[in-house]
Amino acid sequence: MRLSLLFLLIVQIGFSQHLVLQGVNIVPIHSNTVLAGYDVFIKGGVIEKIKPAGSQPYAKNYTVIDCKGKYIMPGLADMHAHFPDEKSSIQLQEYLKLNLAAGVTSIRSMRGEAYQLALRDSILSQKKIAPNIYVSCVFPTSDSLLTKDSIEKMVMHAKNKKYNFIKYLGGINETNLNYLTESCKKNNISIAGHAYNRSLMRSVEAGFTSIEHYQPILGMYMKDSVNLKKNIEILKQKNTALCPTLSFYYVYGFGFSTDQLVARCGMNFVSKKAGDEWMKDYEEVLLKTKEQLKGDFDSKYVQVYKKQFSDFNRVFKKMTDEGVLMLLSPDDGMFNVPGFAMVEEMKLYKLAGLSNYQILKASTLNAAIYLKEDNVWGSVEAGKKANLLLLNANPLENIENVSKVEGTVLNGKYYSQKSLLSKAN
Ligand SMILES: [Zn+2]
């Protein structure tokens, strides 16, 4: 009798579509506030209603999760992700699991491949439990086979296969860029990626919806600081989003000690083998760079990066304050633990002077705004998709509290971090 009751309870938590997050504090994100002590009702994958704790009775078919003292915020969106390949230390299944366990419920894949389309669709139909993914169709970097016709064919292929956007990686001449952007416009598919010719403003003009990495932003400022205000206005007017991906460059800029690297968020959840591989790679790159630069390693490498980061931070803060749409991702690479490195990137945004609210917004609602899905997800409001992150401490008070994950709600179903990271999964 007892056993079957216990079984029933487990089944209910696993499969129930009806949840109450009881007595939870809400960090809604669409406004900069905390709503203390609410019951969040979730039904059919959507936030049904939000009521002061205990003010409404719970119907019998709702599973109640005691969330007193905890904080709920929208699930995180990693907007510059690279899925693992066969050489990666962490393989796909583990990669998706770690992301979900860290509270990431949306991933923009910057190195899209055809298999990811089927994966995306099986996640959408809830056959597979993993963050929602947005898949890029990577555009060739060489002009050699490009003509107006071949470009049109490629864009139509991306559209017909239902890729979410076209990623510009680099290369191609102005004529082909124009064919590409015209074709994207005509076929109503967006283009995003690396800055064309390293120029932020040229890429904005070409209609890129987002521009990746910090260098083009810094480059624009260094080249043309007098026009910063004007350029900010253009970015805002065109709704161009920026995703600086700092964490990757801090690691490769040797900005961290090895002690700091092994203590990065989530390192305790990756296998010893993966951690060792990263350390070996890191030490190899470090040694090679030192050998190449000899006595100039510090002055011509470490200090150059440091100076770039501090210059970038100033312009980054200003642009964020002025309302440019900022996204967030640590990018991939060694010591960026899938999902968990989001908080490492947040710490770098903090270092640049952004407020905790600006940082949380960049990693949730801004992504939904960018994808034109902010009427569906990205904030904790009735009617929004129940893709949520349950924390044990207030992330508005301290950004590092984003690492204190209790569980993730995905499509209205609750998964404790413990259960996601247990060996059985
Ligand atoms: Zn990248």
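These numbers were taken from a predicted model, which means no experiment stands behind them.

### Some remarks on the packing of aromatic side chains
Two aromatic rings are characterised by how far apart their centres lie and by the angle between their planes. Evaluated as defined, the whole model comprises 23 aromatic pairs. Between F297 and Y301 the ring centres are 5.9 Å apart and the planes differ by 10°, which places this aromatic pair in the stacked class. With F297 and Y301 both in helix α12 (residues 297-321) and four residues apart, this pair spans about one turn of that helix. Lying over the aromatic face of F41, K49 brings its terminal NZ or CZ to 4.7 Å of the ring centre. For the cation-ring pair, R108 lies above F165, with the distance from its terminal atom to the ring centre recorded as 5.5 Å.

### Quick notes on the environment of Y196
Here Y196 is to be found in the loop between β10 (190-193) and α6 (200-205). For the pair Y196 and N231, spaced 35 residues apart in the sequence, the C-alpha separation amounts to 16 Å. Setting aside residues up to four positions removed in sequence, Y196 forms contacts with Y168, G171, I172, N173, E174, L177, R202, S203 and F208.

### Concerning the coordination of the zinc ion
Protein coordination of the zinc ion is provided by H80 (NE2) and H82 (NE2), with donor distances spanning 2.0 to 2.1 Å. Its relative accessible area of 1% is what places H80 among the buried residues.

### With respect to the domain arrangement of the protein chain
In many reports, interface size means the accessible area that the parts give up when they come together. Annotation of the protein chain at the domain level lists domain 1 (1-73 + 380-425) and domain 2 (76-138 + 194-377). The gap between the C-alpha centroids of domain 1 and domain 2 is 28 Å. With 31 residues of domain 1 at the interface, the matching set in domain 2 holds 32 residues. Summed over both partners, the interface of domain 1 with domain 2 buries about 2,600 Å², with 69% contributed by carbon and sulfur atoms. Joining domain 1 to domain 2, the criterion identifies six residue pairs in polar contact (both at pLDDT 80 or more).

Cut-offs used in this document
- Throughout, residues of each chain are indexed from 1 in the direction in which the sequence is written.
- Restriction of local features to residues with pLDDT of at least 70 applies here, the model being predicted, together with a cutoff of 80 or more for giving and counting side-chain atom pairs; totals for whole chains, interfaces and linings are based on all residues.
- Processing note: side-chain calculations cover all non-hydrogen atoms of the structure and skip hydrogens and water entirely.
- Pairing of aromatic side chains here covers Phe, Tyr and the six-membered ring of Trp, requires ring centres within 6.5 Å, and sorts the geometry by plane angle: under 30 degrees stacked, over 60 edge-to-face, intermediate tilted.
- Only runs of H or I of at least four residues qualify as helices and only runs of E of at least two qualify as strands under DSSP, and these elements are numbered from the N terminus.
- Geometrically, a charge over a ring is one whose NZ (Lys) or CZ (Arg) sits within 6 Å of the ring centre while staying within 35 degrees of the ring normal.
- We call two residues in contact when some of their heavy atoms are within 4.5 Å.
- Coordination here is defined by N, O and S atoms within 2.8 Å of the metal (3.2 Å for Na, K and Ca), and since water is not considered, a site can look incomplete.
- Relative accessibility decides the category of a residue: with a 1.4 Å probe and only protein chains considered, values under 20% of the type maximum give buried, values over 50% give exposed, and everything between is partly exposed.
- The domain boundaries here were taken from an automatic or database domain assignment.
- Buried area, as used here, totals the accessible surface that two parts lose on assembly, with accessibility defined by a 1.4 Å probe and the loss added over both.
- Polar contact is defined as a pair of N or O atoms within 3.5 Å, subject to the rule that within protein one atom must be able to donate a hydrogen and the other to accept it, and that residues adjacent in sequence are counted only when both atoms are side-chain atoms.

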